[in-house]
Amino acid sequence: MPSSSERPRPRPLSELHGYGLLLRPWDAESGADVEVWLRGLTDPEFQRWNTPYRPVTGPDAARESLRRGARRDADGTAASFRIADAVSGTALGHIGVNEIHPVLRRGTVGYWVLPEARGRGIATRALLLTARWAFTGLGLHRLELDHAVGHDVSCRIAGRCGFRPEGTRRGAILAAGRRDAFRDAHVHARLATDPEPPPPAVTATGTP
C-alpha cells in the first residue's frame, strides 16, 4: 500500500495542452460552458450510449451538474475538462477522470465529443493527453475505460490509446434512457507501466 506521501492529493486543476487541443476545467458560472455541457448531454448519439445518473434536460440542471463536478474536482475524486481547439478555442467536447481512488491509485476515464467535431480524432487526442497527465500529474497506476457493448467507435479509440480489452461486465451500466434496466459494458484498462502509444499526427489547425 502506498504511503500517504505517495498518494494523489486534491489540487486545483490546471490547463492541459497538446495534440492541437486545450483542456481546461469547466466553469459552472459561464453561460457558454453551460450551453456546451447541455448540448453534449442531450445529444441523441450521446444518449444512445450513455445514461447520466441524474437527468440533465435544461440550463438549470446543466449548471447544477457542472457545480457537482466542480465539487468532485475540488475534493480530488474526479478531474473534468472542457476540450477545445488550441488555436480557435472552439469547444469540442468533454473528458474526465472519475472515481479516483487515492490508495489504489486508480481512476475511470470518460469522454464525449460534440456532433460537429466528430471524425477528427478529438477523442483519441484528448484521451492520450489526459492519460499522460493522470499517470504523471496525478500519480495514478491504473486507468479504466468502459463503454456499452456494441459501441465500436469507443472500442477503437480505447485501442488506439493503449487501453487493452479486459472483458465484459454483465449488467454494469444503465440501459439507454433507463434507470430501472441495465446493459453490459466492455472494459479496457491501461497501466502507468504500459508503453505509451505513438502521438497522433496533428496539422497546424489541430486536425489529424
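Residues numbered from 1 in each chain as written. Predicted model: local features only at pLDDT ≥ 70, side-chain atom pairs only at ≥ 80, totals over all residues. Heavy atoms only, no water.

Engineer: Report on the environment of Arg170, specifying residues and quantitative values.
Structural biologist: Considering the arrangement of structural elements, one finds Arg170 in strand S7 (residues 164-174). Distance from Arg170 to Arg183, taken between C-alpha atoms, is 6.8 Å for residues 13 residues apart in sequence. (Helix = DSSP H or I, 4+ residues; strand = E, 2+ residues; numbered from the N terminus.)

Engineer: Any chance you could break down the packing of aromatic side chains for me, citing the residues and the numbers?
Structural biologist: Evaluation of the coordinates by the stated rule reveals five aromatic pairs. When the ring of Trp26 is compared with that of Trp37, the centres are 5.0 Å apart and the planes differ by 70°; the resulting orientation is edge-to-face. Taken together, the residues Trp26 in the loop between strand S2 (21-25) and helix H1 (31-42) and Trp37 in helix H1 connect sequence positions 11 residues apart. For Trp26, a relative accessible area of 12% translates into the label buried. (Phe/Tyr/Trp six-rings, centres within 6.5 Å; stacked < 30°, edge-to-face > 60°. Buried < 20%, exposed > 50% of the residue type's maximum accessible area, 1.4 Å probe, protein only.)

Engineer: Lay out the nonpolar core in plain terms, naming residues and giving numbers.
Structural biologist: Membership of the largest hydrophobic core comes to 34 residues, with the highest contact counts inside it found for Ile95, Leu127 and Phe163. Those elements giving two or more residues to this core turn out to be S2, strand S3 (79-85), strand S4 (91-101), strand S5 (106-113), helix H4 (122-136), strand S6 (142-148) and helix H5 (152-160). It is H4 that provides the largest number of residues to this core, a total of 10 residues. Sequence-distant contacts of Phe163, defined by excluding residues within four places in its chain, comprise Val109, Leu127, Ala131, Leu143, Leu145, Ala158, His188, Ala189 and Arg190. Within the second largest apolar cluster, 14 residues are counted, among which are Val34, Leu38, Leu41 and Ala91. (Core = buried A, V, L, I, M, F, W, Y, C linked by side-chain atoms within 4.5 Å. Contact = heavy atoms within 4.5 Å.)

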